[in-house]
Amino acid sequence: MPGRPSPRPRPLTAALGLALLLAAAPACGSPEAARESAPSHAPAEAPPEAPDQAAPAASPFWVDPQSDAARQVAAWEAQGRNSDAQVLRRISERPMALWGPGDDPGPEIRRAVKSARPAGRVLVLTAYNIPYRDCGRHSAGGAKNATAYRNWIGAFADGIGDAKAVVVLEPDAVPHIVDGCTQADHHDERLRLLAEAVTRLKKNRNTKVYLDAGNPAWIPDPMKLVAPLYKAGLDQADGFSLNVSNFQPDAAGREYGARISRAAHGKHFVIDTSRNGAGPLPGDGHEAWCNPPGRALGVPPTDRTGDPLVDAYLWIKRPGESDGPCRGGPGAGKWWADYALGLAARSKE
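Residues numbered from 1 in each chain as written. Predicted model: local features only at pLDDT ≥ 70, side-chain atom pairs only at ≥ 80, totals over all residues. Heavy atoms only, no water.

A. The arrangement of the overall build of the protein in detail. A tally of regular secondary structure across the protein gives 10 helices and 7 strands. Per-residue burial over the protein gives 59% buried out of 349 residues. Approximately 13,300 Å² of the protein is accessible, and the part contributed by carbon and sulfur atoms is 52%. (Helix = DSSP H or I, 4+ residues; strand = E, 2+ residues; numbered from the N terminus. Buried < 20%, exposed > 50% of the residue type's maximum accessible area, 1.4 Å probe, protein only. Areas by Shrake-Rupley, 256 points an atom, 1.4 Å probe, with all protein chains shown as cover.)

Put into structure tokens, the structure is as follows:
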């Protein structure tokens, strides 16, 4: 078990901060993880849920009118596939995280800011460009070196400016240190870059930052995450994120997050519910996380979670983007319309 991290942050800072960030946002309209740093523009037994789930109308977050799902809905309507288009609206009309492009995140983030600001919406963004990303697997890549990453995260933060935003910082980066996937000689640099990224993003007065902490099925002992999370800047961050691009039940995420929170002086967290509506694929076969069949959308994005430690349920993984070239899927992060349609059709929300 890691030693007690320091310095000690004030309890409840993250919750109060996110509450203030979201309070002014009006209700919106209707409705292991391989990932890509930028979304593609090609379209062409369930666990118990948290109490008091909110309908999509309760979400304060921005809906991307140019998402692949929205483009697909338009394409299917033009083709007369109206029934399928209507089902896919369960994705296209709900908020999803915008993943900053790996070359230059500025233009896409500024587009999102320009769209969200007039409606008073809160952006949900993912920064995913750490060097040696994903240990050479499906989503290998990232910035070529530390200097390139510092420049990239600076452009990311500059793009946000004073807009209201929630940033999920570098999915997998800390858990891959804990599980030994990331080479040991890269650990110190990675933790330093993450801490610097938190500092830079928090210079934006309306930006909330959540460091990624994996999921309950990945690092069985969450206490192993606490010390590296603090080295990565958890003391300055608003909290941590769980279940990004994975399928673990909300109940498991809440229990796991509460254990980390108790060891982290009350830090709060957000949970990715984008594809966990039917839980994980039964069994623990190879790449059970990669485009598993029979999955469903989870709880729609909302800040009304019914749990004082859970600041929000978010769709961090964009439903319908492939986990990688497995089970007939395209490359990681590429739009896969048939898979998206299945997720939406099996949704209970």
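B. Representation of the sheet that holds strand S3 (residues 165-169). Read across the open sheet, the 7 strands follow the order S1-S2-S3-S4-S5-S6-S7; overall the sheet is parallel. Looking at strand neighbours, the two that pair on one side only are strand S1 (98-99) and strand S7 (310-314), the edges of this open sheet. Bridge count between S1 and strand S2 (residues 123-127): 2 bridges; the pairing is parallel. Along S2, the bridge assignment pairs Leu98 with Leu125. Helix H5 (residues 146-160) contacts S2, S3 and strand S4 (207-212) of the sheet and is inclined by roughly 175° relative to S2. (Pairing = 2+ DSSP bridges. Contact = heavy atoms within 4.5 Å. Axes fitted to C-alpha atoms, helices over the stretch in contact; angles between N-to-C directions.)

C. Looking closely at the side chain of Ser241. Mapped onto the fold, Ser241 is located in strand S5 (residues 239-242). A relative accessible area of 0% means that Ser241 is categorised as buried. With near-sequence residues (within four places) excluded, Ser241 lies in contact with Val168, Tyr210, Leu211, Asp212, Ala213, Gly214 and Val270.

D. Fine view of the side chain of Asn243. With respect to the secondary-structure elements, Asn243 resides in the loop between S5 and helix H9 (250-263). Under the relative-accessibility criterion, Asn243 is labelled buried at 2%. Polar side-chain contacts of Asn243 include one of 3.0 Å to the backbone nitrogen of Gln248. Sequence-distant contacts of Asn243, that is, excluding residues within four places in its chain, are made with Gly214, Asn215, Gln248, Ile271, Asp272 and Asn276. (Polar contact = N/O pair within 3.5 Å; in protein donor to acceptor, adjacent residues only side chain to side chain.)

E. The arrangement of the confidence of the model for the protein in detail. Chain-level pLDDT for the protein is 87 on average; 82% of the residues reach the 70-or-more range. Low pLDDT (under 50) marks residues 1-16, which in the prediction has 26 contacts with non-local residues, meaning those over four places away or in another chain. In the model, residues 23-57 has pLDDT below 50 throughout and makes 108 contacts with residues more than four positions away in sequence or in other chains. (pLDDT = per-residue confidence, 0-100.)

F. Just the pairing of S3, in detail. Judged by how many residues are buried, S3 sits mostly within the fold: 5 of 5 residues are covered. Judged by which residues are buried, S3 turns out to be covered on both faces: Ala165, Val167 and Leu169 on one side and Val166 and Val168 on the other are all buried. In this structure, S2 lies alongside S3, joined through 5 bridges in parallel fashion. Its bridge partner being in S3, Leu123 is matched across the sheet by Ala165. Direction of pairing for S3 relative to S4: parallel, over a ladder of 5 bridges. Note that in S4 the partner of Val168 across the bridge is Tyr210.

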